[in-house]
Each structure stands twice: as structure tokens, then as C-alpha cells.
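Architecture and fold: a report
Residue-level listing of the chains:
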Amino acid sequence: MDMEKFKYCLSATRYKRYKTREVNIGGVPLGGDNPIRVQSMTTTDTMDTIATVEQSIRMIEAGCEYVRITAPSINEARNLENIKKELRKRGYKTPLIADIHFTPNAAEVAARIVEKVRINPGNYVDKKKFQTIEYTDKQYEEEIERIRERFVPLLKICKEYGTAIRIGTNHGSLSDRIMSRYGDTPLGMVESALEFVRICRDENFHDIVLSMKASNPQVMVQAYRLLVNKMEEEGFNYPLHLGVTEAGDGEDGRIKSAVGIGALLEDGLGDTIRVSLTEEPENEIPVAITLAERYADRGGHESIPSIKKVVINPFNYKRRETFEVSDFGGANVPKVIADFESVDLKEEKQLKSIGYTYDAETDKWNYSDQSADYIYLGKKIPAFNLPTNLKPILDYDEWIKSENKTEYFPYFGSTKDFAQSISKSFVMNFVELNINDIKNKSLEIIKNDPRIVFVLTTGNLHGMAEQRRVFFHLIENDIKNPVVIRRAYSTDDSEKLTLYSSTDFGALLIDGLGDGVWITPAAKSDAGATELINRLSFGILQATRARISKTEYIACPSCGRTLFDLVEVTNKIRKRTEHLKGVKIAIMGCIVNGPGEMADADYGYVGSGPGKITLYRGKDIVKRNIKSEYALDELIELIKEDGNWI
């Protein structure tokens, strides 16, 4: 493949940060050589000055470097002045950002008050009615001219007041015009923003930040990559604001955010990040800081060989082609391997942490969609019979001594060990692989052996890039054995483990690389850690759309536009629907991204007025303005009508 055509970062196989243009935002510069900045958004009513100020202070004291506040109308935009005055009076100088949708006049007021204005190119001038319109080139240019006339007055104000602009595309709110020409695609997201960027450049305005947010991390990552590619083509490099929108709450929200944001940070992309959780905004900041700090002092890694050509298309998902070994690879979903090397398995109840419960009366095992597929035992044989669905792996030197070798699968510590071994499983062998094996003769000898599943390991600080380099080598050399991604983590901090593993595994899986996940915990892990790792493994696979094992929730993080208590409502909906494997339910506080993000969900629950909910099937309205107390029951009835209720 042509390197330039697919270029989106400085290196796909070693860490190098992409340097962008510096933009000064109220004395806190963004991009260039500055650290990755963290930010969040208030959820209070913008007209409630004191509530907004006090929430902003909680965010700032948690480490928030920019505070974003919604301004849905001109009244809220005007009240930003009172909010800013009160914050400054209390000694807080953190830059403020006005969030604008649909209302250019509000943006023009806000630009005279705050340090930065965020506009959504999908709805700043255009309206979304889900209409397909055929444009001639001349008609399309006339539409761009209409945008120019409405947008240039804001640019003039921003120039006069030194106000920056974020042109923030949302996958869920692409205009009908963009959808008609480019479709619901990453390219459509990029072009939506670039239309506005080109107007900025024509006006010699360069205090620009760009974002490409989506609730689907795969779409989000592809859109940012394509944006950088197009910027390079057109000769500019504005800073990037990273975020997965509508990520949800709790563990799932953190996993989904880390998959999308982390995958881009690993490639050196991103100048500021916002983690969009359906929680209090101050809860978002520690998560963002943990993600950003991992790259604070990271340098290049010369141990990773360079690559001369691109072997995957970074803008389109395609799973790496592999042959099938037992139930690994081919068309099979990626498997989850539970690591019990440091555990003595003496009682059946010890497997509860990986999704298996034993009924002594019936002598039967119960399992679920989130029960591990394989268990690594190291050198320890269990004191009881394992469930038939849980397949055990033993170190080779223990496997060779076992009386019944067909019950277990051997783990070889290196390609050389496998090549030199006389005795092997005739069904499946797990063989450890690392970057040093790229030029190893033993890999050449054993490649494409139909009994081998490779287990890819790394000890590199920038392990994702190193592992990706190995995948590239396999693809280049037509080696089609399935590959399990294995990473070891020494941290006992559950939040760090969640964010780091979601980043490392997610960045590979999102590109179709990997046929299994294997998280090795800290040396002395307890049942709680094992349970967390099992949930994480399935959560990462779900977030990357590699394997669906539970209900998917697309929940917005709330803001001053929200028309109901998002946290409370999300929990209620989850409690009633969390058993619906594979069903995607979107929960939106208002209409801004509602209809668009519905396109990626099966059902939508959207605030349409005080105490009123509108229900969607996909992007189509099914029931309008239902009283909120009946809305959840109506949603469940809708799911039942479609035959999706279990």
C-alpha cells in the first residue's frame, strides 16, 4: 500500500507524538510541545450561576484544565459572563468553553465572553431531517457559501476577542447534506469539519481545535486518523481534542473511552481529552489524567524494527485473515483466557470469578455469555474436574508428564522450544511469540503449522506498537496462525488496570488484530482481581465490537441541556434490560445527538421536553412525548414487539 495515502501518524510501530500547531486558550496553550490537557463539561443549568460555578470549581480542583458549559440559547450565552465573573471573583482563572448547537447568535455572544467556543458543523447552520438530497456541484458550492455567510461573523468576533474555536464533529449529528454526499462514514465526519476549517483559513483564522467524536470507538478512531491524513494533504496541523461520546458510566464507560482515546494516544495523536461518562463531571477528570499521564515521559523505542510499507488500511476495519485451530481463528469470535498460574484450584467455587458456578446436587456447571473460554494453569493440576466448556492450558514440561495429554493443551515458552520438541498436541499448541522472533529461524520452520496458536507477548513500555509490528510481520509473510494477545500488568490499581488494558488490547482489536485476549494479573491476585480481569476481557471485546456478550448502552454524559436525571434513568433502564445480549440501547438527555446516535443503536430513549420522552427504533421516532413515568415500560413493550425480548 502507498504509505502517503494511508499516513495518519509519525510511526505505526514506535511511539512518536504528532506535533500540532499551538493554540492559546486563555493562557493555557494547547498542542505543540504542551502536555496533553484534560477537560470536562458542566451538567448544571447554565442559567443557575451559582450551581454552575460550584460544579466548575469541583471540576477544576479535580484537575480540569478547561471547563465547558452549554449555551443552548442566547440567554445562556449571556449568563456565561456572570459565571465567569463569579469564578474569577473566587480566584479561579481556568479557561471557559461555550458549547453551541443550532444557535449561531448564541455563539457570537459567547465568543465575546469565554476563551473558546465549540461549534458542531453538523448543526451550526444545517438542519437534520434525515432527508437524502441529490446535489449538483454548483448546488453544493452554494450550500458552502451559505455556511460561509453565517460562520464568518463568528470568526470576526473571535479574531477581535482572541477567542479560539473547536470545530467538533459528532457522528450522530452529521447534516443531511454531508450524509447525502459522503454517507454515514468517517470521511463524512472529516469533510463536515474541513468545510468549516477551509473557511477559517480563507479568513486567516488559525486558533482552531478539531474533534471527531462517535459512540462507536472504531468509527471514532478511523475518523481521527482520516482527519490527520487529510490535514497533512492540505498542509495544516491543528490540535486534536479526543473523546468517545456517549460512552456510558462505570466500568463500561471507562473501557469504551480508553479503547478509543487510548488507541489514538498510542499513535501519538491527541492534545486534549475529555472522557464522557454518565456521572458527575469531576469523576471524569481522574480517568482522563490517568490516560494522559501514561504518555508524559514516553520516548521512542529503537528495539522496534521499522516498517517499510502499510499492511493494513487504518481507515477501514478488516479482521486479519487466519486459519482455524480448534475454536481459535477463522470465523470464530476472539477467546478469553483466564490466568490461574498463581492459584491452587482446590474447590469448584474458585471458578465463580470467571463465570462458572457448580451445583453439587446435580453435579452440573452453570455458565454465561461472559464465562472464560480457556484457563491457564501453569504447572498446577486442579483437584476437581473442570467444566467441559473451560479448556485448560498447561506449561509444556507439566503437560508432557500428565497421564492424559488429550485433556490439556501445552504451552511452549518459545518458538524454538516448539520447533525442537518431539512431543506435541495433535489438536492445538500454544506457542509464545515476541518481537525477537521476527528474524528467528525457528519461526520460519514452524509458521503455518495447523496445530499452533501463537501467544504474542511484550515487555516493551510501548508494547502495543511492538505487538502491532509483529502482526505486520505475520501479514507481510503470509503467516496465518491465530494469535492471542497477552499482556502482563503489575499494578493493583483497578482503575489503571482497566484503562491500560483497554488501551493496549483495544488498539489492536479495533484494527482486526487478535484472536484472543489474555490478561496476566499482578503476582498475587485474589478472586476480586480475577473477576475484574474476566469482566475487562469481555468488556474490551464488546467495546471493539469483536465479540458481543451483553447489552450495549450508548448513554450521553449529561449537560445543561439534559431533560432528566441521566444517572438515575440509565441505572433503571440497565436494571430492566441488562440481560438482552447484543441489543443496543441509547439513552440521550436531549435531541442534539439523539437521532443521529440512534442510527448506531437498536432503540433510543431521548428527552424531548420536561418530563417527556421520545422513543426511537434506530433513527425513526416510534412514540413521541411519552410521560417519563411510563417511558421505560413503553420501551420494553417496543423491544417485545420486535421479538428482541428474552
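Rules used throughout
- Residues numbered from 1 in each chain as written.
- Predicted model: local features only at pLDDT ≥ 70, side-chain atom pairs only at ≥ 80, totals over all residues.
- Heavy atoms only, no water.
- Helix = DSSP H or I, 4+ residues; strand = E, 2+ residues; numbered from the N terminus.
- Buried < 20%, exposed > 50% of the residue type's maximum accessible area, 1.4 Å probe, protein only.
- Contact = heavy atoms within 4.5 Å.
- Areas by Shrake-Rupley, 256 points an atom, 1.4 Å probe, with all protein chains shown as cover.
- Lys, Arg positive; Asp, Glu negative; His and termini not counted.
- Charge placed at Lys NZ, Arg CZ, Asp CG, Glu CD.
- Core = buried A, V, L, I, M, F, W, Y, C linked by side-chain atoms within 4.5 Å.
- Axes fitted to C-alpha atoms, helices over the stretch in contact; angles between N-to-C directions.
- Parallel < 35°, antiparallel > 145°, perpendicular 65-115°, else oblique.
- Left-handed = near helix turned anticlockwise from the far one by under 90°.
- Pairing = 2+ DSSP bridges.
- Disulfide = S-S within 2.5 Å.
- Polar contact = N/O pair within 3.5 Å; in protein donor to acceptor, adjacent residues only side chain to side chain.

Let's talk about the overall build of the chain
Broken down by element type, the chain carries 18 helices and 23 strands. Dimensions of the chain along its principal axes, counting C-alpha atoms only, are 80 × 55 × 55 Å. Sorting the 646 residues of the chain into buried and exposed places 62% on the buried side. Taking all contacts inside the chain whose residues are at least 6 apart in sequence as the whole, residues at least 24 apart take part in 68%. With the model as given, the accessible surface of the chain reaches about 25,100 Å², and the carbon-plus-sulfur share is 46%. With 88 positive and 96 negative side-chain charges, the chain shows a separation of 3 Å between the mean positions of the two kinds.

Describing the nonpolar core
Phe151 and Leu351 are the most contacted members of the largest nonpolar core, which totals 149 residues. If near-sequence neighbours (up to four positions away) are discounted, phenylalanine 151 is found in contact with Ile119, Tyr124, Ile165, Phe196, Ile199 and Cys200.

Brief notes about the packing of helix H8 (residues 250-266) against helix H15 (residues 527-543)
In the contact formed by H8 and H15, the axes pass within 9 Å of each other and the chain directions differ by 55°. In terms of their interaxial angle, H8 and H15 are classed as oblique. With respect to the hand of their crossing, H8 and H15 are arranged in right-handed fashion. Of H15, the residues touching H8 (which contributes Glu251, Ile255, Lys256 and Val259) are Leu532, Arg535, Leu536, Gly539, Ile540 and Ala543.

A few points about the sheet that holds strand E17 (residues 483-488)
A barrel is described by the order of its strands in space; here 8 strands give the closed sequence E9-E12-E13-E14-E15-E16-E17-E18, paired in parallel fashion. Adjacent strand axes in the sheet meet at a mean angle of 25° when their direction is disregarded. Where strand E12 (residues 374-378) and strand E13 (residues 391-395) come together, 4 bridges link them in parallel fashion. By the bridge assignment, isoleucine 375 is partnered in E13 with proline 392. Sheet strands in contact with helix H13 (residues 463-476) are strand E15 (429-433), strand E16 (452-456) and E17, and its direction is about 165° off that of E17.

Considering the state of the cysteines
Per the counting criterion, the structure on display carries 0 disulfides. Just so you know, cysteine 158 is unpaired, no disulfide at all, and the nearest cysteine sulfur is the one on cysteine 200, 8.6 Å from it.

What to know about the environment of glutamine 542
In this fold, glutamine 542 is placed in helix H15. C-alpha separation for the pair glutamine 542 and valine 117, spaced 425 residues apart in sequence, amounts to 34 Å. Aside from chain neighbours lying at most four places away, what touches glutamine 542 is Arg547, Ile548, Ser549, Lys550, Thr551 and Glu552. Within the local environment of glutamine 542, its side chain forms a polar contact with the backbone nitrogen of serine 549, the two atoms lying 2.9 Å apart.

Considering unusual backbone geometry
The phi torsion at aspartate 363 lies on the positive side, around 55°, for a residue other than glycine. As for its position among the elements, aspartate 363 is in the loop between strand E10 (356-359) and strand E11 (364-367). Within the chain, asparagine 448 stands out as a residue other than glycine whose phi angle is a positive 60°. Here asparagine 448 lies in the loop between helix H12 (441-446) and E16.

Structural measurements only, silent on function.
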